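Observations on the three-dimensional arrangement
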Amino acid sequence: MLTRISFAESPTYFFFQQKHMYEEFMAKTYEQMQTFYEQTIVSDYLPRRNDICAVFLPDYRSWYRAKIMSIKETIDTTVIYECSMLDFGDNHYVKLAQIKPLVRRFAQTPFIACKAALAGIKPMGDRVEWDREVIDYFKDLTENKEFHLQLYDFDRVTKFLYMNAASVQDPSMSLAQRIVNDGYARAKTSNTASVL
């Protein structure tokens, strides 16, 4: 399937979107959300943990569908909400004024970010976690780029999709093999190790 990597934390923790779903979402739901939420005033909404809502991100000047992951109070008593972007996979911290309830018509469209891990690789040496250099390399290599992804395995405990990936520009080499060849990971034979 043709996909777009929307957010990459590491080779074993990233989010992808099916390209056709992303394009349809951006053309329809996303545009409608911007118009609707720019005109909607809400004064009595107090989101709770695990609520699905609409969140305004000032850096992007846009509204997004999100899930409230945690609620924290700062030293100056400002309440900060950690929100997971359901269509992209990344997390952002926002204030109450940036959150509105997600209305039914926007909640009915399926969320398009899928959590995944790259099959067949693990950190170099005896490491169990990816170091910053590898994470930066992986982000540069993948974020907002298109790949052909193929399901390799599914972990029912972690809910991770293990994927085989090949670049649209160079489908002859798998993404995992490229990372191994470039010296940033080593190959592994199974996905029985825990996901990081």
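Predicted model, so just to flag it, every value in this text is computed and none were measured. (Residues numbered from 1 in each chain as written. Predicted model: local features only at pLDDT ≥ 70, side-chain atom pairs only at ≥ 80, totals over all residues. Heavy atoms only, no water.)

A few words on the nonpolar core. Phe-14, Phe-16, Leu-118, Ile-121, Phe-138, Leu-175 and Ile-179 are the most contacted members of the largest nonpolar core, which has 22 residues in total. Residue assignment for this core shows that the elements contributing at least two residues are β1 (2-10), β2 (13-18), β8 (114-118), α3 (132-142), β10 (146-155), β11 (160-167) and α4 (175-181). If you tally residues by element for this core, the top one is α3, at five residues. Every residue in contact with Phe-138, bar those within four places of it in the chain, is listed here: Ala-8, Ser-10, Pro-11, Phe-14, Leu-118, Glu-143, Leu-175 and Ile-179. Ala-66, Tyr-81, Val-94 and Ile-112 belong to the second-largest nonpolar core, a separate cluster that totals 17 residues. (Core = buried A, V, L, I, M, F, W, Y, C linked by side-chain atoms within 4.5 Å. Buried < 20%, exposed > 50% of the residue type's maximum accessible area, 1.4 Å probe, protein only. Helix = DSSP H or I, 4+ residues; strand = E, 2+ residues; numbered from the N terminus. Contact = heavy atoms within 4.5 Å.)

Another aspect to go through is the sheet that holds strand β5 (residues 79-85). One open sheet holds the five strands; their spatial order is β6-β5-β4-β3-β7, and the pairing between them is antiparallel. Sheet topology places β6 (91-95) and β7 (99-101) at the edges, where each strand pairs with a single neighbour. Adjacent strand axes in the sheet meet at a mean angle of 50° when their direction is disregarded. In the packing of helix α1 (residues 19-39) onto the sheet, the strands contacted are β3 (52-57), β4 (62-73) and β7, and the crossing angle to β4 comes to about 65°. (Pairing = 2+ DSSP bridges. Axes fitted to C-alpha atoms, helices over the stretch in contact; angles between N-to-C directions.)

This next bit is on the packing of aromatic side chains. All chains considered together, the criterion is met by 14 aromatic pairs. Centroid distance Phe-36 to Tyr-37: 4.9 Å. Interplanar angle 90°. Geometry classified as edge-to-face. Overall, Phe-36 belongs to the partly exposed group, its relative accessible area being 23%. Relative accessible area serves as the criterion here: at 1%, Tyr-37 is assigned to the buried category. Considering the side-chain rings of Tyr-137 and Tyr-184, the 3.9 Å spacing of their centres and the 15° angle between planes classify their relative orientation as stacked. Here Tyr-137, found in helix α3, pairs with Tyr-184, found in the loop between α4 and β12 (186-187); they are 47 residues apart in sequence, far enough to count as distant. (Phe/Tyr/Trp six-rings, centres within 6.5 Å; stacked < 30°, edge-to-face > 60°.)

By themselves, these observations are geometric and do not establish any function.
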